[in-house]
Amino acid sequence: MGAPDSLPLFRLDPGTDDDMTWQELALCRQVDPAPFFPKMGGSARAAKRICAMCDVRPECLSYALHTSPPPMGVWGGTTEDERLDIRRGRADVAA
């Protein structure tokens, strides 16, 4: 599965007025999306470096942890497996 051409904006629930303007401020929207969707066995380091500098990382991580189905790729500085560990209580959320 390849990376999308641009990262789309998502709503927590399409039927609500949830404020999702944080996505417009996300650094990932300003760069090539490929690092956020590493191939199987690939590294997420480049995406995580971008996330570490992003002012809306907490909102992004919260979205990724609370939406269903869970989004693919790197969100809020975490991979799909790391978010699964967080949901299962096996990992701490870094600030």
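Our structure's up above, just so we're on the same page.
Everything numeric in this text was worked out from a predicted model, so none of it was measured.

Scoring rules and cut-offs
Residues numbered from 1 in each chain as written. Predicted model: local features only at pLDDT ≥ 70, side-chain atom pairs only at ≥ 80, totals over all residues. Heavy atoms only, no water. Helix = DSSP H or I, 4+ residues; strand = E, 2+ residues; numbered from the N terminus. Buried < 20%, exposed > 50% of the residue type's maximum accessible area, 1.4 Å probe, protein only. Contact = heavy atoms within 4.5 Å. 1 Å grid on protein atoms, 1.4 Å probe; cavity = no way out; pocket = protein on both sides within 12 Å on 5 of 7 lines; lining within 4 Å. Points joined across faces, edges and corners; volume = space filled by probe spheres on them. Nonpolar A, V, L, I, M, F, W, Y, C, P; charged D, E, K, R; others polar. Salt bridge = Lys/Arg side-chain N within 4 Å of Asp/Glu carboxyl O. Polar contact = N/O pair within 3.5 Å; in protein donor to acceptor, adjacent residues only side chain to side chain.

Caption draft 1: Summary view of the overall build of the protein. Within the protein, the regular secondary structure consists of 4 helices and 0 strands. Here the protein holds 95 residues, and 32% of them are scored as buried. In the protein, once contacts between residues fewer than 6 apart in sequence are set aside, the share between residues at least 24 apart is 43%.

Caption draft 2: Local environment of unusual backbone geometry. The residue after serine 68, namely proline 69, is reached through a cis peptide bond having omega 0°. As for its placement among the helices and strands, proline 69 is situated in the loop between helix H3 (57-66) and helix H4 (80-87).

Caption draft 3: Region of interest: empty space enclosed by the protein. Under the counting rule described, the total for this entry stands at 1 cavity of 30 Å³ or more. Looking at the largest cavity, its volume works out to about 80 Å³. Lining of the largest cavity is provided by 14 residues; of these, Ala26, Cys28, Cys51, Cys54 and Cys60 occupy positions nearest its centre. Elements represented by at least two residues in the lining of the largest cavity include exactly helix H2 (45-52) and H3. Grouping the amino acids of the lining of the largest cavity by side-chain chemistry returns 12 nonpolar, 1 polar and 1 charged.

Caption draft 4: Representation of the pattern of salt bridges. This model, assessed by the stated rule, comprises 1 salt bridge. Where glutamate 82 meets lysine 48, a salt bridge forms, and the shortest distance between an N and an O atom there is 2.6 Å. In this pair, glutamate 82 sits in helix H4 while lysine 48 sits in helix H2, placing the two residues 34 residues apart along the sequence. The exposure class of glutamate 82 is partly exposed, given its relative accessible area of 30%. Taking relative accessible area as the criterion, lysine 48 reaches 26% and is therefore assigned partly exposed.

Caption draft 5: Main features of the side chain of threonine 78. Inspection of the secondary structure assignment puts threonine 78 in the loop between H3 and H4. From its side chain, threonine 78 meets the backbone oxygen of tryptophan 75 in a polar contact 2.8 Å long. With sequence-adjacent residues up to four places away left out, threonine 78 is seen in contact with Leu61, Gly73, Arg83 and Ile86.

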